[in-house]
Number of protein chains: 2
Amino acid sequence: MAENRVGQTVILKSPPSIISGGCIAGPMEAQGPLGGYFDLTVEDDRIGEKTWEKAESRLQRETLAIALAKAGLTVNDLDYLFAGDLLAQCIGSSFGMRDTNVPYFGLYGACSTMAEALGLAAMTLSAGYADIVAAVTSSHFCTAERQFRQPLEYGGQRTPTSQWTVTGSGALILSSLKGYPSVDSVTCGKIVDLGIRDANNMGAAMAPAAFDTISAHLRDIGVKPDYYDLIVTGDLGTVGSRLMHELFKRSGTDISTNHFDCGASVFSHDVQDTHAGGSGCGCCASVLSGYLLHGLRTGKWRRILFCATGALMSAVSSQQGESIPGICTAISITGREV
Amino acid sequence: MAENRVGQTVILKSPPSIISGGCIAGPMEAQGPLGGYFDLTVEDDRIGEKTWEKAESRLQRETLAIALAKAGLTVNDLDYLFAGDLLAQCIGSSFGMRDTNVPYFGLYGACSTMAEALGLAAMTLSAGYADIVAAVTSSHFCTAERQFRQPLEYGGQRTPTSQWTVTGSGALILSSLKGYPSVDSVTCGKIVDLGIRDANNMGAAMAPAAFDTISAHLRDIGVKPDYYDLIVTGDLGTVGSRLMHELFKRSGTDISTNHFDCGASVFSHDVQDTHAGGSGCGCCASVLSGYLLHGLRTGKWRRILFCATGALMSAVSSQQGESIPGICTAISITGREV
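Residues numbered from 1 in each chain as written. Chains lettered and ligands numbered in written order. Predicted model: local features only at pLDDT ≥ 70, side-chain atom pairs only at ≥ 80, totals over all residues. Heavy atoms only, no water.

### Looking at the overall build of chain A
Alright, step 1. The helix and strand inventory of chain A stands at 10 helices and 15 strands.
Alright, step 2. Taken against the 2.2 N^0.38 rule, which gives 20 Å for 338 residues, the C-alpha radius of gyration of chain A at 18 Å falls within 12% of a compact globule.
Alright, step 3. C-alpha atoms of chain A, sized along the principal axes, occupy 50 × 50 × 35 Å.
Alright, step 4. With 338 residues in all, chain A has 67% of them scored as buried.
Alright, step 5. Within chain A, counting contacts between residues at least 6 apart in sequence, those at least 24 apart form 78% of the total.
Alright, step 6. Taken as a whole, chain A presents about 11,100 Å² of accessible surface, with 49% of it coming from carbon and sulfur.
Alright, step 7. Side chains of chain A give 25 positive and 33 negative charges; the mean places of these two sets differ by 3 Å. (Helix = DSSP H or I, 4+ residues; strand = E, 2+ residues; numbered from the N terminus. Rg over C-alpha atoms; globule rule 2.2 N^0.38 Å. Buried < 20%, exposed > 50% of the residue type's maximum accessible area, 1.4 Å probe, protein only. Contact = heavy atoms within 4.5 Å. Areas by Shrake-Rupley, 256 points an atom, 1.4 Å probe, with all protein chains shown as cover. Lys, Arg positive; Asp, Glu negative; His and termini not counted. Charge placed at Lys NZ, Arg CZ, Asp CG, Glu CD.)

Next comes the structure, spelled out in structure tokens:
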């Protein structure tokens, strides 16, 4: 058995530290309950760019710049960039990171990409392959909706299970030096597909993957859910969160008391017309880099398990009648010396 | 400085071994000069599936099965899958690998994805995070052409610089145990964009990235090009290869004598109407897993540098007038004990 692995989980012998985080979000997210935790919120979806896609690339670029500035670093200090987004051929990242001159690993894990990026980044640092790296992801309501569903101009009625793609980006700078918050383990997820076909019910498609990965992680580490002060999922939304609670309940575990879903928390359900909650690569990335990082630093939570969830489908796969494969990757983060 | 890194290059302290490779290609590729090196060639682009996209997923699935069978393994032996393809949201891989039940890292490096997958796979093994992993990529002429360029039915005239997307898939199984061929170092590429805007001239867009990464690798390792019996690029094609030779010539290095481009070699220029050569994630993946692996094992080459090249654009970015960012990641492979 590989020396740094237990079951499905990699235990990092030299846990890297998260030295800074940056996050930018859009106008809808600014009005949500976590609005005060973003470093910057933009009023205009285009951010002065000609197209939404160019705006999303700019989101990533400026989010990385914020995270680097907070750490007192520049792009020249980065050994690697781990980046991804939801767009076809991941152009949010490739164009956003184009001018950095930093070795680049492009990733696609749908809305789970931030956990994939953070996991590979931490694994790379702990192995002595790099000193300082960044993990960056983004999503944008306008680029995602028109790509995965309908032209925005169509103004289609949204179903109650549908989620609202977050316009936002999150970036974390990690160092191989010991420090806190630290990244301690990585449980890479398997693809789980229980046959959900409704592209407006991503929560249901991703909930079984979240259940699968979180269960594997707890089993591998040998702990109960309350070992973590917070078990964070990415964007199950309200519908997917209920389904995941139900799956855990059936296996004899109550996870609802310390579960937090970024998608279900980023908007105000009563006031904002966002149905089952937020979604997108930028949702849990911006919540992690802002709200969660703040709570880890201030001692609100000592240990969290960050489990980003993704739906690995495309408009084409849906049109061809395919079901929606889900995935979830879990990263354990310790806020302060325990 | 990170202990296992020199400049831009990771030196693997415990070089993993490539224990088997599998490759499947389409009818055009079967007729090319490397046709005899594929494990299987299919006569029908659909491989009996309803859509080309489903066919591409099947290509990946069956290629992985061939590679596993050769190693006497099953998917249950795999700790990780590193996979990617050219399709929007990488559905070739997510649907192809859906039923494996193996922790999955989805990657997007355009046509450079096989080097990205192989690099991360080898880094993961050398660090003791896994025992056995697979790297798989694919491309398909019909899925790619209609996504990046025009509907196939349109029958558009192809320009002389255009390349023909290879229908094919390659899979490598790697082990953390010492053996040959071994993966010795990984030079992850930076995004390089010199402003090429012609989506029918990918070779020109990728050549500067290949020059950049290969130069960095040779500098980091401290060797001249003839240290390698073969410097392999992915799919520069004939046009991109000439441009890369020119870039090296200007820097005082002749790389043309031991350079081999998979794209320029996979089709017969005189007979097959493929213009500047082959391209796609499956091009260098299937050539590496077949022809190159064979040559490494039989002692034809002792050391090769495998440099897959990618163009990180999409149909949307081209329509929005963007230039084409290129990337190239280089992996050094030793065929036999030196």
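### With respect to the pattern of salt bridges
Alright, step 1. Applying the stated criterion to the full structure yields 24 salt bridges over all chains.
Alright, step 2. The salt bridge involving A:Lys54 is made with B:Glu322; its shortest N-O contact spans 3.1 Å. Of this pair, A:Lys54 sits in helix α2 (residues 52-70) while B:Glu322 sits in the loop between α10 (315-319) and β15 (326-334), placing the two residues on different chains.
Alright, step 3. Accessibility expressed as a relative area gives 14% for B:Glu322, which makes it buried.
Alright, step 4. When the shortest N-O distance is used, the salt bridge between B:Glu49 and B:Arg58 registers 3.3 Å.
Alright, step 5. Residues joined by salt bridges that share partners form a network here, namely A:Lys54, A:Arg98, B:Asp193 and B:Glu322. (Salt bridge = Lys/Arg side-chain N within 4 Å of Asp/Glu carboxyl O.)

### Regarding unusual backbone geometry
Alright, step 1. For the bond running from A:Tyr180 to A:Pro181, omega is -10 degrees, close enough to zero to count as cis.
Alright, step 2. Relative to the helices and strands, A:Pro181 is located in the loop between β9 (168-175) and β10 (182-187).
Alright, step 3. Residue B:Ala110 is not a glycine yet carries a positive backbone phi of 50 degrees.
Alright, step 4. For B:Ala110, the position within the fold is in the loop between β6 (104-106) and α4 (113-126).
Alright, step 5. The phi angle at B:His275 is positive, at roughly 50 degrees, despite the residue not being glycine.

### Quick word on the side chain of A:Asn4
Alright, step 1. Among the structural elements, A:Asn4 can be located in the segment before β1 (5-6).
Alright, step 2. You can call A:Asn4 buried: its relative accessible area is 8%.
Alright, step 3. Every residue in contact with A:Asn4, bar those within four places of it in the chain, is listed here: A:Thr9, A:Val10, A:Ile11, A:Lys13, B:Ala127, B:Gly128 and B:Tyr129.

### Some points on the interface of chain A and chain B
Accessible area lost upon the coming together of the parts serves often as the stated size of an interface.
Alright, step 1. At the junction of the two partners, chain A supplies 60 residues and chain B supplies 59 residues.
Alright, step 2. The junction of chain A with chain B conceals about 5,300 Å² of combined surface from both sides, 58% of it contributed by carbon and sulfur atoms.
Alright, step 3. Among the residues of chain A in contact with chain B, A:Gln89, A:Arg98 and A:Tyr129 are the three that bury the most area, contributing 15% of the side total.
Alright, step 4. Joining chain A to chain B, the criterion identifies 8 salt bridges.
Alright, step 5. Among the ionic pairs, B:Asp193 bridges to A:Arg98, the shortest N-O distance being 2.8 Å.
Alright, step 6. Our count for the contact surface shared by chain A and chain B stands at 40 residue pairs in polar contact (both at pLDDT 80 or more).
Alright, step 7. If you list the elements that add at least two residues to the side of chain A that touches chain B, you get α2, β5 (80-85), α3 (91-96), β6 (104-106), α4 (113-126), α5 (141-148) and α10 (315-319) of chain A. (Buried area = accessible area lost by both parts, 1.4 Å probe. Polar contact = N/O pair within 3.5 Å; in protein donor to acceptor, adjacent residues only side chain to side chain.)

### Focus: the nonpolar core
Alright, step 1. In terms of nonpolar packing, the biggest core is built from 112 residues, with A:Phe82, A:Leu292, A:Phe306, B:Leu292 and B:Phe306 touching the most fellow members.
Alright, step 2. If sequence neighbours within four positions are ignored, B:Leu292 has contacts with B:Leu230, B:Val232, B:Phe260, B:Cys262, B:Val287, B:Trp301, B:Ile304 and B:Phe306. (Core = buried A, V, L, I, M, F, W, Y, C linked by side-chain atoms within 4.5 Å.)

### With respect to helix α9 (residues 281-297) of chain A
All names here are of chain A.
Alright, step 1. The terminal C-alpha atoms of α9, which comprises 17 residues, lie 23 Å apart, in line with the 24 Å expected from a rise of 1.5 Å per residue.
Alright, step 2. Maximum bend of α9: about 40 degrees, positioned at Leu 288.
Alright, step 3. Summarising burial for α9: 15 of the 17 residues are buried, a large majority.
Alright, step 4. Downstream of α9 by a residue or two, Gly 299 has a phi angle that is positive, lying close to 85 degrees. (Expected span 1.5 Å × (residues − 1). Bend = angle between axes of the 7 residues up to and from the residue.)

### Considering the state of the cysteines
Alright, step 1. Taken as a whole, this structure holds 0 disulfides over all chains when the rule is applied.
Alright, step 2. The thiol sulfur of A:Cys283 is not disulfide-bonded, and the nearest other cysteine sulfur, from A:Cys262, lies at 5.5 Å.
Alright, step 3. For A:Cys283, a relative accessible area of 0% corresponds to the buried category.
Alright, step 4. Left unpaired, B:Cys188 is separated from the closest cysteine sulfur, that of B:Cys328, by 10.0 Å. (Disulfide = S-S within 2.5 Å.)

### Notes on the packing of aromatic side chains
Alright, step 1. Going through the model one piece at a time under the given rule, you end up with 18 aromatic pairs over all chains.
Alright, step 2. Aromatic rings pair up to connect A:Tyr37, A:Phe260, A:Tyr291 and A:Trp301 into one cluster.
Alright, step 3. Sitting over the face of the ring of A:Tyr80, B:Arg5 holds its NZ or CZ atom 4.5 Å from the ring centroid.
Alright, step 4. Taking NZ or CZ as reference, B:Arg46 lies 5.0 Å from the ring centre of B:Trp52, over its face. (Phe/Tyr/Trp six-rings, centres within 6.5 Å; stacked < 30°, edge-to-face > 60°. Lys NZ or Arg CZ within 6 Å of the ring centre and 35° of its normal.)

### Describing the pairing of strand β14 (residues 303-311) of chain B
Sheet faces and side chains relate simply in a regular strand, where the side chains alternate between the two faces.
Residues and elements named next belong to chain B.
Alright, step 1. In terms of burial, β14 is largely enclosed, as 9 of its 9 residues are buried.
Alright, step 2. A two-sided burial pattern is seen for β14, the buried positions comprising Arg 303, Leu 305, Cys 307, Thr 309 and Ala 311 on one face and Ile 304, Phe 306, Ala 308 and Gly 310 on the other.
Alright, step 3. Strand direction decides the pairing type here: β14 and β15, joined by 9 bridges, are antiparallel. The partner of Ala 311 across the bridge, within β15, is Gly 326. (Pairing = 2+ DSSP bridges.)

### A word on the environment of B:Gly321
Alright, step 1. The residue B:Gly321 is located in the loop between α10 and β15 in this model.
Alright, step 2. It is 37 Å that separates the C-alpha atoms of B:Gly321 and B:Ile304, two residues lying 17 residues apart in sequence.

### A short note on the relation of the copies chain A and chain B
Alright, step 1. Superposing chain A onto chain B takes a rotation of 180 degrees combined with a translation of 0.0 Å along the rotation axis, leaving an RMSD of 0.0 Å. In symmetry terms, the pair is related by a two-fold rotation axis.
Alright, step 2. A shared interface surface links the copies, since 98% of the contact residues of chain A are contact residues in chain B too. (Least-squares fit on C-alpha atoms with pLDDT ≥ 70 in both.)

### Notes on the environment of B:Cys142
All names here are of chain B.
Alright, step 1. Note that Cys 142 resides in helix α5 (residues 141-148).
Alright, step 2. The spacing of Cys 142 and Ala 216 is 74 residues in sequence and 35 Å in space, taken between C-alpha atoms.
Alright, step 3. Not counting chain neighbours up to four residues away, the residues in contact with Cys 142 comprise Asp 45, Trp 52 and Leu 152.

### A word on the pairing of strand β14 (residues 303-311) of chain A
Alright, step 1. In this sheet, β14(A) lies alongside strand β11 (residues 230-233) of chain A in parallel orientation, the contact comprising 4 bridges. Opposite A:Val232, over in β14(A), you have A:Phe306 as the bridge partner.

### Regarding the confidence of the model for chain A
Alright, step 1. Across chain A, the average pLDDT comes to 96, with 100% of residues at 70 or higher.
Alright, step 2. What the predictor reports for the complex is a pTM of 0.98 with an ipTM of 0.97. (pLDDT = per-residue confidence, 0-100.)

### Digging into the environment of A:Ser162
All names here are of chain A.
Alright, step 1. Within the fold, Ser 162 resides in the loop between α5 and β8 (164-165).
Alright, step 2. On the basis of relative accessibility, which here comes to 2%, the residue Ser 162 falls in the buried class.
Alright, step 3. When near neighbours in sequence (up to four residues on either side) are disregarded, Ser 162 contacts Asn 200, Thr 274, His 275, Ala 276 and Gly 277.
Alright, step 4. Within the structure, Ser 162 has its side chain in polar contact with the backbone oxygen of Thr 159 (distance 2.8 Å).

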